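One letter stands for each residue in the lines below.
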Amino acid sequence: NALTGELPDFAESILSLQELDLSNQTNGFTGSAIPEDLSKLQSLKILNLSGNKLAGTIPPAIGNMVALEVFDLSNNRLKSSIPAELGLLVGTLKRLGLVNNSLSGIIPFQIGQLQGASVLMKGNRFHNKSFAPLSLCVLRSVKDFDLAHDTTLCPLERNALSDFYDSAKGA
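Residues numbered from 1 in each chain as written. Predicted model: local features only at pLDDT ≥ 70, side-chain atom pairs only at ≥ 80, totals over all residues. Heavy atoms only, no water.

Participant: How should the pattern of salt bridges be read in this particular structure?
Facilitator: Where charged atoms from two side chains of opposite charge approach closely, those side chains can pair. Overall, the coordinates contain 3 salt bridges when judged by the stated rule. Between Lys40 and Asp37 there is a salt bridge whose closest N-O contact spans 3.6 Å. For Lys40, a relative accessible area of 42% corresponds to the partly exposed category. Its salt-bridge partner being Asp72, residue Arg95 comes within 3.3 Å of it at the nearest N-O pair. Of this pair, Arg95 sits in strand S6 (residues 95-97) while Asp72 is found in strand S4 (residues 70-72), placing the two residues 23 residues apart along the sequence. A relative accessible area of 33% means that Arg95 is categorised as partly exposed. (Salt bridge = Lys/Arg side-chain N within 4 Å of Asp/Glu carboxyl O. Buried < 20%, exposed > 50% of the residue type's maximum accessible area, 1.4 Å probe, protein only. Helix = DSSP H or I, 4+ residues; strand = E, 2+ residues; numbered from the N terminus.)

Participant: Would you mind going over the state of the cysteines with me for this structure?
Facilitator: Two cysteines joined by a covalent bond between their sulfur atoms form a disulfide. Throughout the structure, instances matching the rule amount to 1 disulfide. Here Cys137 connects covalently by a disulfide to Cys154, the sulfurs 2.0 Å from one another. One disulfide, between Cys137 and Cys154, carries an S-S torsion of -75 degrees and so falls in the left-handed class. With a gap of 17 residues between them, Cys137 in helix H1 (residues 134-137) and Cys154 in the loop between strand S10 (144-145) and helix H2 (156-169) connect regions that are remote in the sequence. The residues Cys137 and Cys154 share a single accessibility class, namely buried. (Disulfide = S-S within 2.5 Å.)

Participant: Would you mind showing me how to read the sheet that holds strand S8 (residues 118-120) here?
Facilitator: Two strands in a sheet stick together by hydrogen bonds in their backbones, pointing the same way (parallel) or opposite ways (antiparallel). Strand order in the open sheet made by the 6 strands is S1-S2-S4-S6-S8-S10, with parallel pairing throughout. A strand with exactly one partner marks an edge of an open sheet, and here the two such strands are strand S1 (19-21) and S10. Looking at chain direction, S6 and S8 are connected through 3 bridges and run parallel. Bridging from a neighbouring strand, Gly97 pairs with Leu120 of S8. (Pairing = 2+ DSSP bridges.)

Participant: How should I be thinking about the environment of Ala67 in this particular structure?
Facilitator: Inspection of the secondary structure assignment puts Ala67 in the loop between strand S3 (55-56) and S4. Spatially, the C-alpha atom of Ala67 lies 8.7 Å from that of Gln18, the residues being 49 residues apart in sequence. Residues in contact with Ala67, not counting those within four places in the same chain, are Gln42, Ser43, Leu44 and Lys45. (Contact = heavy atoms within 4.5 Å.)

Participant: Explanation requested: the nonpolar core in the structure shown.
Facilitator: Of all hydrophobic cores here, the largest spans 41 residues; its most connected members are Leu47, Phe71, Leu86, Leu96, Ile111, Met121 and Phe145. Beyond its immediate stretch of four places on either side in the chain, Leu96 contacts Phe71, Leu86, Ile111, Leu114, Ser118, Val119, Leu120 and Met121. (Core = buried A, V, L, I, M, F, W, Y, C linked by side-chain atoms within 4.5 Å.)

Participant: What is the right way to look at unusual backbone geometry in this model?
Facilitator: Where the residue is not glycine, phi is negative for most of them; where a peptide bond is considered, it is trans in most cases. You will see that Asn24, though not glycine, has its phi angle at about 50 degrees, which is positive. Mapped onto the fold, Asn24 is located in the loop between S1 and strand S2 (46-48). Unlike most non-glycine residues, Asn100 shows phi in positive territory, near 55 degrees. You can see Asn100 is positioned in the loop between S6 and strand S7 (104-105).

Participant: Can you help me understand the side chain of Ser39 in this one?
Facilitator: Tracing the backbone shows Ser39 in the loop between S1 and S2. On the accessibility criterion, Ser39 (13% relative accessible area) is buried. Discounting chain neighbours no more than four positions away, the residues touching Ser39 are Ala61, Ile62 and Met65.

Participant: Sorry, what's going on with the environment of Pro59 here?
Facilitator: Inspection of the secondary structure puts Pro59 in the loop between S3 and S4. The class of Pro59 is buried, set by a relative accessible area of 5%. Those residues in contact with Pro59 that lie beyond four places of it in its chain are Ile34, Pro35, Glu36 and Pro83.

Here it is in structure tokens:
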């Protein structure tokens, strides 16, 4: 498709919507923010807005979307940090796609608690002075973390010490 402009407010008209895939629009959706009202779509299982020109931040209220299984904002122009509230999606979220944006700051430890989820974050600007949550680096809870082999975010020494600790305590 070739949809353009800002994202419309879907929350008031289609509360029972289960899938919203507006990915890879030819000219891309634009706008300074992802509408926070999307979080009102409590039946939504798939929210895919990847491959657009969305800017701004990720609304923390997305963490309140109790049915959300796939949340993909890859290949946009998002800035700021990842809201810790996304960790509230534990138990339902299976895929978190934030690849190729301009996200920065630290990766919240709550993201490492997304049991069974694939967490994809390559191509962002995370601080070199902070590490990714250990649970992401050693894949304790999550299914996949595409930065697990990035030694800046997941130092080998820290991972090895974690493995040693687990074997010493009989885990």
